[in-house]
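# Fold and contact review
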Amino acid sequence: MNDLRKPALGLQWTAVLSGLCFATGEALGLAPGGKALAGLMAVLFVLFTLASFAIGLRWFRHARANGELLTPGVQPFGPGFAAAGWLVPWLSLVLRWPITLGLWRATGIRSAPALVHLWCATSLAATAAVLLTRVQALHTPAVLAAATLGAVHPVLFAVVVRRITAHQAGAPAPAPTTPVPVG
């Protein structure tokens, strides 16, 4: 099994920093004279988001492979489709929920996946709130709500990553399925 602790830690940090940069940028954009700092936060948000995608791809690939070793056949999609469903914009809004639930179950976490549901719901709500503030040019309360959801969403994601990683790190190595020749 692959050790996910280092990529998980990097993924958690970059995701949370991305969310904080987003929320800070949104709040600064509301302040008079805050446009320059909001622009800097937007650049940092993009950089941390790109780093999250790069690290997240590695983490997800290994976490999915570990889950398949721990509990074969539980995950709903094959590795290629799951990676595309996790990373392709707009497709990920729909597929990250069943993909993450499959990974949660394949990892053998026995608790109810309420955390996964909360993270995915927050993700959808954050996306909808940001789109509404951009399209409708909504005022301060709506922008602050979008910023709050944008900051909470990556923190919940970091907790999901931590739970899956910790459980996989503590799981016993699966027994080999093919007999070893004696001789």
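Structural data are supplied above this passage.
Presented here is an overview of the structure given in this document. Along each chain, residue indices are assigned from 1 in the same order as the chain's sequence is written. Selection of residues for local features in this predicted model requires a pLDDT of at least 70, selection of side-chain atom pairs for listing and counting requires 80 or more, and totals for whole chains, interfaces and linings are taken over all residues. Values reported for side chains reflect all heavy atoms of the structure, with hydrogen atoms and water molecules removed beforehand.

The next subject is the overall build of the chain. Only DSSP runs of H or I covering at least 4 residues are called helices, and only runs of E covering at least 2 are called strands; the numbering of each starts at the N terminus. For the chain, the count of helices and strands is 6 helices and 0 strands. For the chain, the succession of helices and strands along the chain, N to C, is α-α-α-α-α-α. Over its C-alpha atoms, taken along the principal directions, the chain stretches across nearly 80 × 25 × 25 Å. Contacts are assigned to residue pairs that have any heavy atoms within 4.5 Å of one another. Contacts in the chain between residues far apart in sequence, at least 24 positions, make up 70% of those at least 6 positions apart. Accessible surface for the chain amounts to roughly 10000 Å². Of this, 73% is attributable to carbon and sulfur atoms. Here the accessible surface of atoms and residues is derived via Shrake-Rupley with a 1.4 Å probe, and residues count as covered only by protein chains that are part of the display.

On to the packing of helix H1 (residues 5-30) against helix H2 (residues 35-70). In this analysis, axes come from line fits to C-alpha atoms, helices being fitted only over the stretch in contact, and the angle between any two N-to-C directions falls in the range 0 to 180 degrees. Two elements in contact, H1 and H2, have axes separated by 8 Å at closest approach and are oriented at 160°. In this view, H1 runs roughly antiparallel relative to H2, as classed from their interaxial angle. Where H1 crosses over H2, the two elements pack in a sense that is left-handed. Each angle gets one of four labels, with under 35 degrees taken as roughly parallel, over 145 as roughly antiparallel, 65 to 115 as roughly perpendicular, and the rest as oblique. Two helices that cross are described as forming a left-handed crossing if the nearer one is turned anticlockwise from the farther one by less than a right angle, and a right-handed crossing if clockwise.

In this text, buried Ala, Val, Leu, Ile, Met, Phe, Trp, Tyr and Cys residues form a nonpolar core when linked through side-chain atoms within 4.5 Å. Burial here depends on accessible area, computed with a 1.4 Å probe over protein chains only, as a share of the maximum for the residue type. Under 20% is buried, over 50% is exposed, and the range in between is partly exposed. Trp59, Phe60, Trp119, Phe157 and Ile164 are the most contacted members of the largest nonpolar core, which has 24 residues in total. Taken together, the elements giving at least two residues each to this core come down to H1, H2, helix H3 (79-87), helix H4 (91-107), helix H5 (114-136) and helix H6 (140-170).

Glancing now at unusual backbone geometry. Even without being glycine, Trp90 reaches a positive phi, approximately 70°. Its location among the elements puts Trp90 in the loop between H3 and H4. Exposure remark for Trp90: the relative accessible area of 56% places this residue in the exposed category.

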